[in-house]
Amino acid sequence: MTYRRKHNLEAALFPPVEPFAAGWLDVDEIHQVYWERVGTRGTEPVVVIHGGPGGRIDPFLRRMFDPEKFDVLFFDQRGCGQSLPRGSLVRNTTAHLIADIEQLRMAVMDVSRWHVIGGSWGSFLALAYAQEHPDRASSIVLRGLFLGSRDEMDWFYRSGLDHVFPDKWARFVEPVPSNQQGDLLSGYWSLLNSGHAETAKEAARTWRTFEREVSSLTGLTASHNFDAADEIADAKIQIHYFLNRCFVDEGALLNRMRRLEAVPADLIHGRYDMPCPLKFAWQVHEAWPEAAFQVAEGSGHSSREPLIQELLLNAIARRARGDLKIDVVGLGSVLNRRLRTAAKLDS
């Protein structure tokens, strides 16, 4: 199913809101995972899994949820954001992150099941978590699907994006010595661990800039004012995971998709998603036909793409109503009602 944008969504987003609770959870003797809860305690429980690897909580996503109907947990993954120790790669694998999510469910939220939402790398981790604990997922919403496969890595870091963004690609590969440009992950890892502060700083900045430049067709991406230490730490975490193939066997997620056949789900993917081409989301759709698969026309990868926002808002609103079956005829009705209400208030 494909969809086209019809609305200005600013009026459809909920007002900015601050967490009603926040803290750190000791998940082992090394790591403390930062978490925050938004909305109303005891309402519909949700966990939002951020992108990356090496990303962090995006406060913008709080506005996707009706604060009167949801109790939403956001958290920074190991080594990320406000989690401690910052940038640590020790005991930092996919299996550790899955275990952390379960600890957060039990120790912080104290719920038996919750809605699992993730985008980009967060979609990979959401799938990995739900496949390990399918009885804990009330439903799943994924955006910009990523499987951690060799083909996806090759598209991004070897041959693929260079055909679409030759100008940006030239700037991306320029810091890497020519004899290492056939293996950019290893090349950037060497730069970040060179022992020269300025070399690592410039490598991290170039790494992050390229990723942001190719992630949106509209130029709308998450904006953060990171210092050099943050940028270096984030890039190291991301490359740590990618050099290790995200710590899963090739094809593992696709091979285990049948574990989720009874879990209601929405899969939302931009037609022109450059970091995560639609081909791989289609593979998930074929392996998991029970999930509602929605292609956002004219959209890229970012959660800030207008049509992707619209589809996410509708998927989340249906969970507030307890309606986990997609209604194609009624798609957008909740959004339309909210826009009409906003128009009346402005008049």
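It should be noted that the structure appears before, not after, this text.
Residues numbered from 1 in each chain as written. Predicted model: local features only at pLDDT ≥ 70, side-chain atom pairs only at ≥ 80, totals over all residues. Heavy atoms only, no water.

Draft legend 1. The nonpolar core, seen in detail. Among the nonpolar cores identified, the biggest contains 77 residues, and Val-116, Ile-140, Phe-172 and Trp-288 are the most heavily contacted of them. Counting 25 residues, the second-largest nonpolar core is a separate cluster that includes Tyr-34, Val-38, Val-46 and Val-141. (Core = buried A, V, L, I, M, F, W, Y, C linked by side-chain atoms within 4.5 Å. Buried < 20%, exposed > 50% of the residue type's maximum accessible area, 1.4 Å probe, protein only.)

Draft legend 2. Layout of the side chain of Arg-304. With respect to the helices, strands and loops of the structure, Arg-304 is situated in the loop between strand S9 (292-296) and helix H11 (306-320). Within the local environment of Arg-304, its side chain forms a polar contact with the side chain of Asp-58, the two groups lying 2.8 Å apart. (Helix = DSSP H or I, 4+ residues; strand = E, 2+ residues; numbered from the N terminus. Polar contact = N/O pair within 3.5 Å; in protein donor to acceptor, adjacent residues only side chain to side chain.)

Draft legend 3. Layout of the packing of helix H5 (residues 166-173) against helix H7 (residues 197-213). In contact at an axis separation of 9 Å, H5 and H7 are set at 165° when each is read in the N-to-C sense. The angle between H5 and H7 falls in the class roughly antiparallel. Relative to H7, H5 is oriented so that their crossing is left-handed. Contacts between H5 and H7 involve Lys-168, Trp-169, Arg-171 and Phe-172 from the former and Thr-206, Trp-207, Phe-210 and Glu-213 from the latter. Among the residues forming the contact of H5 with H7, the class breakdown is 4 nonpolar, 1 polar and 3 charged. (Axes fitted to C-alpha atoms, helices over the stretch in contact; angles between N-to-C directions. Parallel < 35°, antiparallel > 145°, perpendicular 65-115°, else oblique. Left-handed = near helix turned anticlockwise from the far one by under 90°. Contact = heavy atoms within 4.5 Å. Nonpolar A, V, L, I, M, F, W, Y, C, P; charged D, E, K, R; others polar.)

Draft legend 4. Inspection of the packing of aromatic side chains at higher detail. Counting across every chain of the model gives 20 aromatic pairs. Consider the rings of Phe-124 and Phe-146, whose centres lie 6.1 Å apart with planes at 50°: the pair is tilted. Residue Phe-124 is found in helix H2 (residues 121-132), and its partner Phe-146 is found in the loop between strand S7 (137-143) and helix H3 (150-157); the two are separated by 22 residues along the sequence. Here the two residues Phe-124 and Phe-146 agree in accessibility, since each one is buried. Its guanidinium or amino end placed over the ring of Phe-60, Arg-304 lies 4.2 Å from that ring's centre, counting from NZ or CZ. (Phe/Tyr/Trp six-rings, centres within 6.5 Å; stacked < 30°, edge-to-face > 60°. Lys NZ or Arg CZ within 6 Å of the ring centre and 35° of its normal.)

Draft legend 5. Local environment of the pattern of salt bridges. In this structure the tally under the stated criterion is 22 salt bridges. Of the charged contacts, one joins Asp-58 and Arg-304 as a salt bridge, the two residues approaching to 2.8 Å between their closest N and O atoms. Linking Asp-58 in the loop between strand S4 (44-49) and strand S5 (70-75) with Arg-304 in the loop between S9 and H11, this pair joins segments that are 246 residues apart in sequence. For the pair formed by Asp-58 and Arg-304, the shared burial category is buried. Among the ionic pairs, Arg-78 bridges to Asp-100, the shortest N-O distance being 2.7 Å. Within this pair, whereas Arg-78 is found in the loop between S5 and helix H1 (94-109), its partner Asp-100 is found in helix H1, the two being separated by 22 residues in sequence. The burial state of Arg-78 is the same as that of Asp-100; both residues are buried. Through salt bridges that share partners, Arg-56, Arg-86, Asp-230 and Asp-234 make up one connected network. (Salt bridge = Lys/Arg side-chain N within 4 Å of Asp/Glu carboxyl O.)

From the geometry alone we can't say anything about function, so treat these as descriptive.
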